[in-house]
Structures are given as structure tokens and as C-alpha cells.
Amino acid sequence: MKQPKILLWFRLAIFFEILCGAHAWFTWWTDSSRLLQYIIALVIAFIAYKYKSKLRIKLNASPAVVFAMLSYIVAIMFFNRGSIPSLVEVAFTLYTLWVVISDRENVKGHLQFICKGLAIILIPGIILFLCKGFIPKIGPIIQKGSSEDYIFINQFFLIHRIDWWNSGSTNRFHSVFLEPGYFGSMLSFMMFAIKYDFSKWYTKTLLVAQLVSLSLAGYILTFVGYVMYLISEGRSLKKIILLAILIPFVILGLILGIFSTRFMNDKIAIFTSKKIFIALATSHIKRPLKLFLFCLPPSILIL
């Protein structure tokens, strides 16, 4: 059966919104105007409305959905440190999300489309990152807004973040996106949403990108999400406990061993395992909580 064109437009619109939310470098122009952000949210919501009408989707108004929507609003307000974001933009975003979670028949296809799109973007960047010892960091210099902390060397599929204060690059992979912590957390949510189906090439790509991101927030969310998935699938409790014991040590070994050069240009260059772990924990402890508030409501409904 031939799929309607509006299905592709809807998926492209959602994918673009995700890229904007994660601050891919080619979407930075959308941050130049608050009005422009309203217009983009309105256009995406309009596509969602046309999609809903074309496929005759009935919006789900169950208590779980209402709770998720309220949780989403609370998460946004919490993330913005108590400030109230534009009600108009939030309403457009919520409507698009509402359509997504109401369309149970196509939600798996939506998620696969998004993951494939991310993987296609990530693969060239991962290759560039792993070959950075052989490929010089050459490319135009770009800067997001009026940031005084970082500039970026743009290699199209990979941007290298240069720290003004330490006069060096941060050795973390974040593909075309602004910040490795947010990037890693986004990957963890996507793997959770597609139920860690590592038989698919795009899921394996997301996992590799997660490993080289060196995002503690991403590691924690991936670990906790995977344990939650195993429990929901009724897996052996012994295996889950063993996994819970082994993975944190593997992650810590990865950080301290293979990718220890990440800390070479940090303001506090400490190489003892105890102090590095404390430094990582204290610098990232708030981020997982905020990202859980964002990811949990929609993921409950998707799964």
C-alpha cells in the first residue's frame, strides 16, 4: 500500500525539530529570532494537523496522556530554571507531540525514520573523529550566537569545539551538535525508544556514537534505561544485577583509559581515578535529572 506524502513530510518535520532542539550547527540560524522559532513551531504543528486529518487519527485523551503533557510542561519550566516559556510555542510543540503519541500504528516507523536519519549524519562524523590523528582539523571557524567560551572548527559532519580559556580542543565527539552532554542524552533516549534493537545498523551506530561522546549523562541514562528495559521484558534478575555491577566499571575504565586525553585541557587536570570520578559526578549530577523529566513522559507512552 502506497503511503501518503504527508507521512514523509510529518516525519521530516519532527526530525528537523529534533535537530533544532539538539542545536545542530546548520540550524543555529533558527535561534536568531524568537518570532522565527514561533513560526517554525507553527508550521510543524500545521503539518501535524494535516497528517492527523489525512490519516483520521483520533487524539488520545487518556489520563496517562494528560499526565504526560502536564509533566512535559513542568519539565520545560524546570529546565528553564523556573521561567515560563512562551505558551504559544509550547502549545504548538505539545500538539505535535500529542499527534505522535496518538498514532500508535505508525509510531515505530516514526522512530526508525528518526534513528536512521541520525545514523546517516553520525557515520561520517564518527569516521572523521576516529581518524583525527591523521586528518588535520581544517575548516571554517563558526560560533553560536555571542558565546564567549567556545568556537568551532566546522568539518560539515563534525564540529570540533575549541575552548577559549584553555586554548585547546575538547576531545569529545558530538557530531554536528552543539554540546556533547545533550547529544549523549538524546542518543540514550532514542535507543530507549526503539527498545535497544541492536540487530539494526542504525542502533549500533547510535551506540558507537554514545561511547565516543564521553557524556556521563548519556552513559547514566543509557545504563538506567537499559536496565529498565530488561526488567520490563522479564529478563533474569541475576543477569540484570550482574549488568548493573559490571557496566559502571566498564564505563569508568573507558573514560580513564582509552579516552583519558579528554582531561588534558580541562581547567582541573587530575588523573587519579578517584578525583576524576568526583569531578565528573559533581559537574554532571544535575543534568540527568533534568533530562529524565524531558524523556520519561513521552517514552512511557511510546513503549
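Everything here concerns the structure above.
Cut-offs used in this document
- The numbers attached to residues start from 1 for each chain and follow its sequence in the written order.
- At least 70 in pLDDT is required for a residue's local features to be given in this predicted model, at least 80 for side-chain atom pairs to be given and counted, and no such filter applies to totals for whole chains, interfaces and linings, which use all residues.
- As a rule here, side-chain values cover all heavy atoms of the structure and leave hydrogens and water aside.
- In this description a helix means any DSSP run of H or I spanning at least four residues, a strand means any run of E spanning at least two, and both kinds are numbered starting from the N terminus.
- Residue count minus one, scaled by 1.5 Å, sets the expected span of a helix.
- The rule is simple: take the accessible area with a 1.4 Å probe, protein chains only, and divide by the maximum for that residue type; under 20% is buried, over 50% is exposed, in between is partly exposed.
- A 3.5 Å cut-off defines polar contacts: any pair of N or O atoms within that distance qualifies, except that in protein one atom must be a possible hydrogen donor and the other a possible acceptor, and neighbouring residues in sequence count only when both atoms are side-chain atoms.
- For Phe, Tyr and Trp, where Trp contributes only its six-membered ring, two rings pair if their centres lie within 6.5 Å, and the inter-plane angle classes them as stacked under 30 degrees, edge-to-face over 60, or tilted in between.

Enquirer: When you look at helix α6 (residues 180-193) in this model, what are you seeing that I'm missing?
Expert: At 3.6 residues per turn, the α-helix brings residues three or four places apart onto the same side. Relative to the 20 Å expected for 14 residues at 1.5 Å per residue, α6 spans 20 Å between its end C-alpha atoms, a close match to the ideal helical length. Within α6, 13 of the 14 residues are buried, which leaves the element mostly enclosed by the surrounding structure. The opening residue of α6, the one whose side-chain oxygen lies 3.0 Å from the backbone nitrogen of Gly181, is Glu179. Just beyond α6, the residue with positive phi is Lys195, at close to 60°.

Enquirer: Is there a simple way to explain unusual backbone geometry in this structure?
Expert: What you tend to see is this: most non-glycine residues have negative phi, and most peptide bonds are trans. The backbone of His23 sits at a positive phi, close to 60°, despite the residue not being glycine. In this fold, His23 is placed in the loop between α1 (5-21) and α2 (34-55). By relative accessible area, His23 is classed as partly exposed at 25%. With a phi angle near 70°, Phe156 is a residue other than glycine that sits in the positive phi range. Relative to the assigned elements, Phe156 resides in the loop between β2 (150-154) and β3 (159-163).

Enquirer: Just to check I follow, could you spell out the packing of aromatic side chains for this structure?
Expert: The geometry of an aromatic ring pair comes down to the distance between the two centres and the angle between the two planes. For the structure shown, the criterion picks out 15 aromatic pairs. A ring pair is formed by Phe192 and Tyr196, whose centres lie 6.4 Å apart and whose planes are at 75°; its orientation type is edge-to-face. The buried category is assigned to Phe192, whose relative accessible area is 14%. Centre to centre, the rings of Tyr196 and Tyr229 are 5.6 Å apart; their planes meet at 50°, and the pair counts as tilted. Of this pair, Tyr196 sits in the loop between α6 and α7 (201-213) while Tyr229 sits in helix α8 (residues 216-232); the two residues are 33 residues apart in sequence, bridging distant segments of the chain. Note on accessibility: Tyr196 and Tyr229 belong to one class, buried. Ring pairing ties together the aromatic residues Phe192, Tyr196, Phe198, Tyr226 and Tyr229, which thus form one cluster.

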